[in-house]
Each structure stands twice: as structure tokens, then as C-alpha cells.
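Coordinate inspection notes
Listed below, chain by chain, are the residues.
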Amino acid sequence: MKYKKRQFYIENVSAEKIAKKFGTPSYVYSYDKIKNNINNFKKKFKTINPLICFSVKSNSNLNILSIIHKFGLGADVVSKGELLAALKAKIKPEKIVFSGVGKTIEELKFAISKKILLINTESENEIIEIEKIAKKNKKKINIGIRLNPDTDAKTLKKISTGKKENKFGLTEKKFLEVLKKYKNSKYINIICLSVHIGSQITSHIPYKNMLNVVNKIIQKSKFKFKYIDLGGGMGIQYENKFKKLNYSKYNKLIESFLIKNNSNIIFEPGRSIVGNAGYLISKIIYIKKTNSKNFVILDTAMNDLIRPALYGAKHRILPSKINETKVSKNHEFVGPICETTDKFLNVTRYQKINQKDIIVICDVGAYGMVLSSNYNLRPRPAEILVNNNSTKIITKRQKLNNII
Ligand code: LLP
């Protein structure tokens, strides 16, 4: 973390300055961190030369997508809205994949009209609909088929997607059946096998298991897939004591997979590209002291950042100015919303803090603003991009007039 003269800095701008200039709560992103995350990702997976499609669901801000485009990434989208955003950020259609279990016919038609790289299908009924559209347009459409490898991602249950009880993809048996049925279709061109077992995966072992299943099914099918889309899920380090995914180990696994299967790899990372580049800056409204704990009531809440309430996720909360006085008492950081789950974090010992102090919630660049809502009729926060010592509003704070 970057403290200079006891003040928290995002690149070369202090959190205090941002709070004063733009108000709180505000999401703030570091341009440099996004750039470094992309470069590091590319470097670590260089030997397999993947097509990296940023998972737009993790952060769909147009300015962020433009940075993603600037550094050469494509996009993984799951709705017409995300596809429009990716195209508006000038991401080329031939670098866009469309995933999701429930694409509507309108969405399919739209994606086909934009000539994107491929549509990752998740059911036979979806393929039937694509075939109908293709027939009408006298076109052959590139698709992927998503496999459900029945692999445990060893992550939070609520963000696991690769077990057979999850709604995603096709079981091995169904996958082979569908492949056989459509591989010689006049209108469907199966070019990809896709798979995504979950998010925030911090060990390479679940990926190893997943690759084994993928490898086996390819051998069984005797089909040559031009692309293997391995999805995203690369875990980041939310707290220093936890580990993050070792990219080099994952890369090695893929290298040996590619010796057996000569395909092009697609990745769909979201969190690993933007997660640690985002901060939520908030002000303390009140500190309510009880015998057992101090409730630190913030001006941000679960409507702005729902990860703690929804998944029990923990995000570090740092003071914007450090002091030496420690208070050994449980501090419970909460929001003002009328829900018991509107709670961010418990800390047993914290520095002395006061009402009106500014705090910084870390690692909220992915699944932060995109999951925000107007619950309790609270306007959504502003989004600010920091690049060196310059700041730019990339989303204006919502006005009550616009939501009432
Ligand atoms: N590809 C597919 C098909 C996905 O479903 C996802 C995430 C990704 C790629 C990107 O995964 P990532 O690299 O970001 O882990 N809201 C939850 C995470 C939900 C992830 C949904 N799918 C959270 O805040 O942890």
C-alpha cells in the first residue's frame, strides 16, 4: 500500500484530496495498476500466446474498457449491453466472445450481425436458435460449446460454476452428443470448447483437474477445436495472508495440455485485470460506541459494494491518514442501510479514528460498481480515474432527481 508522509495515495493523488474534490463515496481506479496487471498477465502467459478477452461483467465502465482496448485485450460479454459497451470502447468484434446461459434471440441476432469471434453456447436449444438465424441469413455461425467439467474450483460456493449441479454448460455426455449432432451442420461452425469453473481461484490444482477433463473429452470426441476457451477465475490477493493464483504454474499446465492438443487458448479474466486497481473512498458519518464494539458507520453501504454482504467477502479498510494511537476494541465497519448484512468488516484493533475521517476500501475494481444498486434510494457513487497526478471523472455521481 502506498502511504507517503502518512497519507494514502492512489498513484500521485492522495485519498484526502480525491474525497475533497469529488465527494464520497467514490470509486477510484489507478490507470497504472490496470496497465501493470495487463502487462504482467501477458508476460506470464506469453509462451501460450492466448487471446485475452476481458470479462466485461467485472467492470463495464467505458473508460476502463478503453484502457483494456488500448493495451490490446478483447472482451468477454454476457449481454447486448456489454457487447455494445465493448464495441463503443472500440474493441474489435473479432476479439469478442459472447458467453452466458440465457442469451435471448434478440441478443443472438445482434451478436451475429456484429460478426463477433464466437458465441459460447450453453444448451442445445440455444444452438437450435442460432441455426435458425443462420439459415435465415444464409450464413455459417462460429460457436463454442461450454463444457461443465464437474470440477470443484475450491472457491466460495456462490461463485463456483463448474460442478454438475451448477446451471452452466453441458455435461460430458451431452457435450459429446451435441458435438456429434452439429459438427457437420451447414449453418453451425463449432470452433471452440469453452469452460469456466469459477471465480477467485487461488490454486492451480482446480485448473489442473479441469484441463484433465477437457483433455479427456477432446480425445474421446476426436474433434479438432480451433480454440479452447479456459474462461477466467484467476484469484487475487485480497489480504496479505492469503495467496493468489500462481500464473506460472497454470501456464505450465496449459503448455503440456497444448502439446497434446494443438489449439489456440482464449482467456476471460476479469478480477485479475481490474480487481486491485479499484478503491472505494468513504467518509465516517458516526462512530457509535457500545460495550463490546465500536460501530464505524460509513457513508458507503452494501448498495455501493455488495461483495461482503453477498459472499462474505473481506476487503481491507485503510485509514487515509495514519497515526500511532491504537485502539484495542472490535471495530465493525458498517453502512447506513437498514439491513443487518450491511456490514463490511470487523477489525479487532484499529488506529484512533474520528467522525468525518476518510477511509479507503481496497480491491474493489472488479464486481464493485457493476453490482451497485439504488437500494434505500441511494444514488450510485461517482467513478474517478487517476493517472499519475491527474484525475478524471469517468462516471458522474448519480443525482437524486434522476432516480426518484
Ligand atoms: N468467464 C465467465 C464465463 C464467467 O462467468 C466469469 C465470471 C468470468 C469469465 C470472469 O471471471 P473472473 O476472472 O473475474 O474471476 N460477483 C462475484 C464473481 C462472479 C463471477 C461471475 N463470472 C464476486 O464478486 O466475487
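Up top is the structure these notes are about.
If you're wondering where the values come from, they're calculated on a predicted model, not measured in any experiment.

The helix and strand tally for the chain stands at 12 helices and 22 strands. Against the 2.2 N^0.38 benchmark of 22 Å for 404 residues, the chain shows a C-alpha radius of gyration of 23 Å, consistent with a compact globule. Along the first, second and third principal axes, the C-alpha atoms of the chain reach 70 × 45 × 40 Å. Of all 404 residues assigned to the chain, the portion counted as buried reaches 54%. Considering only contacts in the chain between residues 6 or more positions apart, those separated by 24 or more positions represent 70%. Taken as a whole, the chain presents about 18,900 Å² of accessible surface, with 51% of it coming from carbon and sulfur.

Here we take up the environment of phenylalanine 225. Examined against the element boundaries, phenylalanine 225 turns out to sit in the loop between α8 (205–221) and β11 (227–229). Owing to a relative accessible area of 2%, phenylalanine 225 belongs among the buried residues under this scheme. Along the backbone, phenylalanine 225 and tyrosine 9 are 216 residues apart, and their C-alpha atoms lie at a distance of 47 Å.

Let us look at the environment of arginine 397. Along the chain, arginine 397 turns up in the loop between β22 (390–395) and α12 (400–403). For arginine 397, a relative accessible area of 27% translates into the label partly exposed. Along the backbone, arginine 397 and isoleucine 218 are 179 residues apart, and their C-alpha atoms lie at a distance of 49 Å. Ignoring anything within four residues of it in the chain, the contact list for arginine 397 reads Phe22, Gly23, Thr24, Pro25, Ser26, Arg380, Pro381 and Ala382.

The subject of this paragraph is the nonpolar core. By size, the foremost hydrophobic cluster in this structure holds 98 residues, and its most contacted members are Leu193, Leu230, Tyr250 and Phe267. If one sorts the elements of this core by residue count, α8 sits on top with seven residues. Two domains each put at least three residues into this core: domain 1 (2–29 + 275–403) and domain 2 (31–273). Apart from the residues lying within four places of it in its own chain, the contact partners of phenylalanine 267 are Phe41, Phe45, Ile48, Pro50, Leu51, Ile52, Cys53, Leu230, Gly231, Met234, Tyr250 and Ile254. Residues Ala19, Val28, Leu318 and Ile384 belong to the second largest nonpolar core, which totals 17 residues.

Sheet architecture is closed into a barrel: eight strands sit in the order β5-β6-β7-β8-β9-β10-β11-β12, paired in parallel fashion. Ignoring strand direction, the axes of neighbouring strands in this sheet form an average angle of 30°. Across three bridges, strand β5 (residues 51–55) lies against strand β6 (residues 74–77) in parallel orientation. Each bridged residue has a counterpart across the sheet, and for phenylalanine 54 the counterpart in β6 is alanine 75.

What follows is about helix α6 (residues 124–137). A rise of 1.5 Å per residue sets the reference length of α6, with its 14 residues, at 20 Å; its end C-alpha atoms lie 20 Å apart and thus fit the reference within 8%. For α6, the complete set of buried residues consists of Glu124, Glu126, Ile127, Ile130, Ile133 and Ala134. Buried residues belonging to α6 abut α5 (105–113), β8 (118–121), β9 (141–146), α7 (172–182) and β10 (188–194).

On a regular strand, one side chain projects to one face of the sheet and the next to the other, so that they alternate. Pairing geometry for β5 and strand β12 (residues 264–267), over two bridges, is parallel. Across the sheet, residue isoleucine 52 finds its bridge partner in β12, namely phenylalanine 267. Two elements, β11 and β12, share three bridges in a ladder whose sense is parallel. Pairing of tyrosine 227 across the sheet is with asparagine 264, part of β12. For the crossover that starts at β11, traverses helix α9 (residues 247–260) and ends in the parallel β12, the hand is right-handed.

What counts, and where the lines are drawn
- Residues numbered from 1 in each chain as written.
- Predicted model: local features only at pLDDT ≥ 70, side-chain atom pairs only at ≥ 80, totals over all residues.
- Heavy atoms only, no water.
- Helix = DSSP H or I, 4+ residues; strand = E, 2+ residues; numbered from the N terminus.
- Rg over C-alpha atoms; globule rule 2.2 N^0.38 Å.
- Buried < 20%, exposed > 50% of the residue type's maximum accessible area, 1.4 Å probe, protein only.
- Contact = heavy atoms within 4.5 Å.
- Areas by Shrake-Rupley, 256 points an atom, 1.4 Å probe, with all protein chains shown as cover.
- Core = buried A, V, L, I, M, F, W, Y, C linked by side-chain atoms within 4.5 Å.
- Domains from an automatic or database assignment.
- Pairing = 2+ DSSP bridges.
- Axes fitted to C-alpha atoms, helices over the stretch in contact; angles between N-to-C directions.
- Expected span 1.5 Å × (residues − 1).
- Right-handed = clockwise from strand over helix to strand, strands pointing away.

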